[in-house]
Amino acid sequence: MMNRVLSLMIFLLIITGCDDGNLTQEDINFEEINTQNCDNNDVIYKLKEKEALLVEIPQSSFTNEPSSTGTSTTLDINSSNRVVYRFYNGNVSANNICETIPPATPSVIDQWNAAAGKIQIFTTAVKTVNATDNSTRISGYNHNITFKNITFAKSSGTQVYETLPFGNYVTSASTLPFLFDKTVEKCSSSNLIYNYTSSESLTLTIDPNLIANEVTPLNSPRTGIVGTSTNVLKYRLFTGLLTSAYFCNTATPSTPAISQEWIAVSGVADVSGIVEVTTTTNGPSSFKHTIVFKKVTLKKGNNDFLLGDNYAYGELLTTN
């Protein structure tokens, strides 16, 4: 009997010794939880009942530039780039994270602070597709966050994860205006055609053979490939007021300043990146050239978007 009692006591001691009295959770899994952010600081976070996983890094870490294949933005975990895992004694909400004076309840009963490791951010563009013309526009950026070799300091020691997924965080993108009318103009001293508003321009350096003053046969427009040296398409955004005086200069004016420049990628004959010009008469010795872009993609850095299957650039009037 004494041996049985002694064995039972040893077994209970082993069980008790395995419990350090803290709400330690060996499996941190927030990947499928939606990411939220605070408006008054640089904290992004995920909440799951009585738990919170918080990341505090500068918002500038989330760039509006997709990552190159196989690369990511990498930050060291330190006093400026913090990762914190918290446990509460009740269900936690956004008020417990972002308020200057958080509610009294629930209260934090345990906290793990990341002491070392890396934060990796892989960014991709989020695009909306117009079902009518298959054009795409960038509506935001998805930042996939993963912790590598992260070490948490907790009350009972440390816990290390070689790879710990945080998940996705989406930021918004400014919409490109594209408020052009359909009347384009051409410089008399060059092959530059332009369309503009007060803050943006869409210019085409065109092969002059495409705008010959000759009527094109029915359903047989002249065609060229965009992205070649003879057909260069550029979309620009400006920080100041844009007027017609900006165009047709020998050198590009310094004002207004260019804030963004998107350049058409090289097209493929009969597939993509095509410029079509249909010419009709517009009165005695006058011609109207209707210019359409087909499946043209504009690119800036690692960003790109599709103008659409058929994008009507505009009408150019010329005379003999």
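To start, this report covers the structure provided alongside it. Source: prediction; values computed, not measured.

### Concerning the sheet that holds strand E15 (residues 274-281)
Then, number 1: The four strands are arranged E12-E15-E16-E19 in an open sheet whose pairing can be described as antiparallel. The open sheet has two edge strands, strand E12 (222-225) and strand E19 (311-319), and neither has a second partner. Within this sheet the neighbouring strands show an average axis-to-axis angle of 20°, counted without direction.
Then, number 2: Sheet topology note: the E15/strand E16 (residues 286-294) ladder contains eight bridges and is antiparallel. Note that in E16 the partner of Thr-278 across the bridge is Thr-290.

### A few points about the pattern of salt bridges
Then, number 1: For the structure shown, the criterion picks out seven salt bridges.
Then, number 2: For Glu-56, the salt bridge is made with Arg-82, and the minimal N-O distance between the two is 3.1 Å. A residue pair is termed long-range when its members are at least 10 positions apart, and Glu-56 in strand E3 (residues 51-56) and Arg-82 in strand E5 (residues 82-88) qualify at 26 residues.
Then, number 3: A residue is classified by how much of its surface remains accessible, and Glu-56, at 28% relative accessible area, is partly exposed.
Then, number 4: One salt bridge connects Glu-315 with Lys-288, and the closest N-O pair in it is separated by 4.0 Å. In this pair, Glu-315 is assigned in strand E19 and Lys-288 in strand E16, connecting sequence segments 27 residues apart.
Then, number 5: On the basis of relative accessibility, which here comes to 33%, the residue Glu-315 falls in the partly exposed class.

Conventions adopted
- Residues numbered from 1 in each chain as written.
- Predicted model: local features only at pLDDT ≥ 70, side-chain atom pairs only at ≥ 80, totals over all residues.
- Heavy atoms only, no water.
- Pairing = 2+ DSSP bridges.
- Helix = DSSP H or I, 4+ residues; strand = E, 2+ residues; numbered from the N terminus.
- Axes fitted to C-alpha atoms, helices over the stretch in contact; angles between N-to-C directions.
- Salt bridge = Lys/Arg side-chain N within 4 Å of Asp/Glu carboxyl O.
- Buried < 20%, exposed > 50% of the residue type's maximum accessible area, 1.4 Å probe, protein only.

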